[in-house]
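Here is how the chains run, residue by residue.
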Amino acid sequence: MNTLIIFSLLVVLMLTGMPISISLGLTVLTYLFTMTNVPIESVALKLFTGIEKFEIMAVPFFILAGNFLTHGGVARRIIHFATTMIGHWYGGLGLAGVLACAMFAAISGSSVATVVAVGSIILPAMTRQGYPKQFGAGVITTSGALGILFPPSINLVMFSIATAGMSATGPHGEVVGTASVGQLFMAGVVPGVCLSVLLGVTTWYRARKYDYPRMVKATWGERFKAFRESFWGLMLIVVVIGGIYSGKFTPTEAAAVAAVYAFIISVFVYKDMGLKDVPKVLLKAAAMSSMLLYIITNAVLFSFLMASEQIPQTMAAWMSAQGFGLVVFLLLVNLILLGAGNFMDPAAIVLIMAPILFPVAAKLGVDPVHLGILMAVNMEVGLCHPPVGLNLYVASGITKMGITELTVAVWPWLLTMLGFLLVVTYWPALSLALPRALGLVG
């Protein structure tokens, strides 16, 4: 009954058009003040102690790094390198778009930044070469979502933050800990590469089917020159991932290093951005960071309410009583997350649902790292379908296409993503193989 009251209140507040962060906070305060005797002091204490996590500092730093890279000409050089490598295949520019999105996602960690940076350059080029606008929009809208899966994914950091400090009981009574940022980053690599390949295959198949243009094959000299020009941008992948797993710095420290590195290459190496442009980038990053941190703050309160009312434990007991096995549970998780993606942004979904799903998943034997990647792939799908798919709105602004038209355009790639979601859901080894090989997961 308590669960029904809490979620009914949350849904009603969101349906009024109220921002999700405020809806979360009002739900918690309304319930606590009318249905419980919890003192206001404990709420205030939880509000501040809940965000006193070292990992949270990674969020604004990765956002800042992504903004520097978006404005600093890195995307243009990566696109040129990708074009020289595979531009001569069927749908060459489209394939270059997929590859460029994958590489840019791996250095920015942001889906929206990837769509803006790559889409604003490659979509006009595809139109000039004779590609239908719908084809280009479908490629970039869906490939841009790779930013959620590849390290340094901000959403994977969010999952780690949302479940930090929690523990749950496994199927045999053992204590199950949460997933660290480092484990999640490595777990996202193989699924990210696999999804990139599948989106590329879909792009190639449709281009071959409709005989879309191909580019002249670049020489190895041209390829080497393009690689050399994009080298400093691509090195950020090595700096961040290599630094974390060599033990040089933590994921949070890696975020700070990424921000400084992105600033240096954008202003002093590539010189596509002057010092006078830095304040504008800082303000934009600060605005985006404050929005996410406000959501995190209210999500911490919501998690506190969930824990105090023992809602996750109640859900786990109910599922066990119903005889739901692992297969049914994972299917329900996907349906819930895909449904939530219809009216909530990915950050809010992760922060709300991760603390609820984690204890239930642990009870059924789902590895926390696998759950994090499963949620990330669901968030990718949510970014690409209406009514609140952020990638759709960003791509709409670039292409000047309506949301309805754009929704039709992305369907071939969206179906590919849904098929991949099923594979990730029921084949945990895809997510866990690399972390296990590196000794990060038992």
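Residues numbered from 1 in each chain as written. Predicted model: local features only at pLDDT ≥ 70, side-chain atom pairs only at ≥ 80, totals over all residues. Heavy atoms only, no water.

## Brief notes about the overall build of the protein
Going by this rule: We count a stretch as a helix when DSSP gives it H or I for four or more residues in a row; a strand needs E for two or more, and each element gets its number in order from the N terminus. Note on contacts: a residue pair qualifies if any of its non-hydrogen atoms lie within 4.5 Å across the two residues. Areas reported here follow the Shrake-Rupley algorithm with a probe of radius 1.4 Å; residue values treat only the protein chains shown as occluding.
Secondary structure summary: the protein contains 21 helices and two strands in total. Expressed as lengths along the three principal axes of its C-alpha atoms, the size of the protein is roughly 70 × 45 × 45 Å. Put simply, 79% of the contacts in the protein that link residues at least 6 apart link residues at least 24 apart. Accessible surface, the protein as shown: approximately 18100 Å² in total, 69% of it carbon and sulfur.

## Notes on a nonpolar patch on the surface
Spelled out, the test is: Patches draw on residues past 30% relative accessible area with no salt bridge. Two like charges within 9 Å are joined, as are two nonpolar side chains (Val, Leu, Ile, Met, Phe, Trp, Tyr) within 5 Å. Any Lys or Arg side-chain nitrogen found within 4 Å of a carboxyl oxygen on Asp or Glu counts as a salt bridge. Each residue is assigned to one of three classes by its accessible area relative to the maximum for its type, calculated with a 1.4 Å probe on protein chains only: buried under 20%, partly exposed between the two thresholds, exposed over 50%.
Judged by side-chain polarity, W232, V260, I264, F268, V269 and L275 come together as a nonpolar surface patch covering roughly 560 Å² of accessible area. For the nonpolar patch, the leading source of residues is helix α13 (residues 251-269), giving four residues. Here W232 lies in helix α12 (residues 220-245). On the basis of relative accessibility, which here comes to 40%, the residue W232 falls in the partly exposed class.

## Topic: unusual backbone geometry
Residue P152 follows P151 across a cis peptide bond; omega there is 5°. Mapped onto the elements of the fold, P152 is located in the loop between α8 (133-143) and α9 (154-163). Here D211, not a glycine, exhibits a phi torsion of approximately 55°, which is positive. With respect to the helices and strands, D211 occurs in the loop between α11 (189-209) and α12. D211 gets classed as exposed once you look at its relative accessible area, which sits at 58%. In this model, K271 sits at a positive phi of 60°, which is unusual for a non-glycine residue.

## Some words on the nonpolar core
In plain terms, the rule: We call a set of buried Ala, Val, Leu, Ile, Met, Phe, Trp, Tyr and Cys residues a nonpolar core when their side-chain atoms join them within 4.5 Å.
Ranked by internal contacts, the top residues of the largest apolar core, which has 151 residues, are F62, M158, F302 and L371. Residues within four places of M158 in sequence aside, it is in contact with V59, L292, I296, A347, V350 and L351.

## Remarks on the packing of aromatic side chains
For clarity, the cut-off: Whether two aromatic rings pair depends on their centres lying within 6.5 Å, for rings of Phe, Tyr and Trp, where Trp uses its six-membered ring; planes under 30 degrees apart make the pair stacked, over 60 edge-to-face, and the rest tilted. Placement of a positive charge over a ring is assigned whenever Lys NZ or Arg CZ falls within 6 Å of the ring centre and within 35 degrees of the normal to the ring plane.
Overall, the coordinates contain eleven aromatic pairs when judged by the stated rule. Put simply, the rings of Y131, F135, Y210, Y212 and W413 pair up and form one aromatic cluster. Its end group placed over the ring of Y90, R214 keeps NZ or CZ at 4.3 Å from the ring centre. Above the ring of W220, the side-chain terminus of R223 is found at 4.5 Å from the ring centroid.

## Quick notes on the packing of α8 against helix α20 (residues 403-426)
The condition is simple: Inter-axis angles, ranging from 0 to 180 degrees, are taken between N-to-C directions of lines fitted to C-alpha atoms, where helices are fitted over the stretch in contact. Note on terminology: angles under 35 degrees are roughly parallel, angles over 145 are roughly antiparallel, angles of 65 to 115 are roughly perpendicular, and the others are oblique. Left-handed describes a crossing in which the near helix is turned anticlockwise from the far one by less than a right angle; the clockwise case is right-handed.
Contact pair α8 / α20: the axes reach a minimum separation of 8 Å and the direction vectors enclose 50°. Considering the angle they form, α8 stands oblique to α20. Note that α8 runs across α20; the crossing there is right-handed. Contacts between α8 and α20 pair Q134, F135, A137, G138, V139, T141 and T142 from the former with E405, L406, A409, V410, W413, L414 and M417 from the latter.

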